[in-house]
Amino acid sequence: MTAALVSWLGARAWRRLGAGAFLGAVLALGHAPLGWVWLAFPALVALVALAGLAPNARQAAWTGWLAGTGYFAAGLNWIVEPFLVEPELYGWLAPFGLIGLSGGLALFWALAFWAAQRTGGGALRLALALALVELARGYVLTGFPWALIGYIWTDTAAAQLAAWTGPYGLTALTLALAALPVWLWRCSTVSPPLLKAGQVFGLSIGVGALLWYAGVTLAARPLPEIAEDAPVLRLVQPNAPQDQKWDPDMIPVFFNRMVTYSAQTPQPDLILWPESAVPVLLEEAESTLAYISEQAGGAPLLLGIQRSEGRAYYNSAAFVDGAGQVAQVYDKFHLVPFGEYMPFPAFWQRLGIQGLAARVDSGYSAGPGPGVMDLGFVRALPLICYEAVFPQYARPADRPEVLIQLTNDAWFGAYAGPYQHLAQARMRAIESGLPMVRVANTGISALIDARGQVTAALPLNEAGFLDVALPGALPPTVYARTGDLPLLVLLILLACAAIGVKSRKSD
């Protein structure tokens, strides 16, 4: 049966290429909101095996590109949603956005499949090459580490391994685990066979069980008990759809809704409003902030707001003390390409196209970088929307006590996007060993403990507020102390070893 299937797929290039695209799309089902890891991981194993049928590096690259295109098109289909907020202006760009993003990210996979074939082929080399390009995807051209392969484990105990390895290391382990049975099977088909089929199955299951046990062990780490006098934070979710958020008739509706939620008693220790929640610029907001503070009973607030300096505009978070005065300001520094700014703005201006969320033609300006805020009762690291996608930002040298994400996921629609964004916030908590407080415009606002578990949440597309007691942090994780450098060094050394092997015989 297996031999017949392999022969059928290998007989025609279009069959192999089509199977690659299909398996890539099935692999994407492992991500939120479905989380079908039971289907996604076998698809990854099959994809690794399929790569071995390519007769040369060029065909391997095409297989990898189509597999990547299927994977990213299925996993990132929410990318069309921002273009549909103003469909009369941007709707025609939606298919180009999906095709361009999927096909562009798939070039990383094409490179991996090509490089693996050029250095001798085989399952283990492909796993190594894919691990390298997935790491590169998080940094190259400002980076876009959304939908990393390792995130298929988010809802399982295996996700806890990220406390040791980080998300790129978890991706590398996932790829290695998928390549192992393929490599062992090849060992059983040589003459004389090095292994029997039963041994292949047993070894693969054994290694997987060992990694699973490590994840279960990490998941069992005791969390600090929440003290009776723990600070209470209020998460305010106004549920302002993006196509109504800046409608002059709706602005007071959403604003008054947030003020009403903030005024509810008993007052918390801190009130959080989501990204760009305050409908005026910071430098013009003195009376607005005083009114909010008064209605909030003097409770301090951390508010998403925009500000300007001359022609420069910033997407910011302002910490307002009990007297209604701005005590600290944080400016978002990692902006969304083609959303908050346009690369090569002059070119796009000639075409009449500007960033979807840009305040001016050239977009927002970037802040100086991540920084910890002293909120009086706790030291917090603010992250605005897209910044929480990047694991390196959640582990500053000056370790905070909590991560706070202000976001507006209304841009992402009501299906996959918001759930995937939440999943990545959970991974930041696991990797750092810090709790995450997440407040979103349309949801999902949530309290996430230091093991990445959502302990309280407001549902998507519902208005409301949530008072939560701040949980404690775990000790700094291995990944929080080391970052991605050890993994990068290891992968480069393994790649050099693979390149140095003289034999072209596959593993």
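Scroll up a little and you will see the structure.
I will try to describe carefully the structure that is included in this document.

Conventions adopted
- Residues numbered from 1 in each chain as written.
- Predicted model: local features only at pLDDT ≥ 70, side-chain atom pairs only at ≥ 80, totals over all residues.
- Heavy atoms only, no water.
- Pairing = 2+ DSSP bridges.
- Helix = DSSP H or I, 4+ residues; strand = E, 2+ residues; numbered from the N terminus.
- Axes fitted to C-alpha atoms, helices over the stretch in contact; angles between N-to-C directions.
- Contact = heavy atoms within 4.5 Å.
- Phe/Tyr/Trp six-rings, centres within 6.5 Å; stacked < 30°, edge-to-face > 60°.
- Buried < 20%, exposed > 50% of the residue type's maximum accessible area, 1.4 Å probe, protein only.

Points about the sheet that holds strand 5 (residues 326-331)
The strand order 5-4-3-2-1-12 describes an open sheet built from six strands, whose pairing is mixed. For this open sheet the edge positions go to strand 5 and strand 12 (464-469), each flanked by a neighbour on one side alone. Adjacent strand axes in the sheet meet at a mean angle of 35° when their direction is disregarded. Strand direction decides the pairing type here: strand 4 (residues 312-320) and strand 5, joined by five bridges, are antiparallel. Within strand 5, the position partnered with Phe 319 by the bridge is Gln 328. Against the sheet, helix 11 (residues 251-262) makes contact with strand 1 (232-237), strand 2 (270-272) and strand 12, and its axis sits at roughly 160° relative to strand 1, the strand it touches most. Its contacts with the sheet place helix 12 (residues 286-295) against strand 3 (301-309), strand 4 and strand 5, and it is angled at close to 180° to strand 3.

Considering the packing of aromatic side chains
Within a pair of aromatic rings, the relevant descriptors are the distance that separates the centres and the angle that separates the planes. Counted under the stated rule, the structure contains 18 aromatic pairs. Arranged with centres 5.1 Å apart and planes meeting at 90°, the rings of Tyr 386 and Phe 390 form a pair that is edge-to-face. For the pair Tyr 386 and Phe 390, one class covers both residues: buried. Ring geometry for Phe 390 and Tyr 393: centres 5.3 Å apart, planes at 40°, overall tilted.

Digging into the pairing of strand 4
For strand 4, the buried fraction is high: nine of the nine residues fall into the buried class. Side chains Ala 312, Tyr 314, Ser 316, Ala 318 and Val 320 of strand 4 all project onto a buried face; the interleaved residues Tyr 313, Asn 315, Ala 317 and Phe 319 project onto the opposite face, where all are buried too. Linkage of strand 3 to strand 4, two consecutive antiparallel strands, is achieved through a turn of two residues, within which Gly 310 is found at a positive phi near 65°. Hairpin connection of strand 4 to strand 5: five residues between the antiparallel strands, including Gly 324 at a positive phi of 80°.

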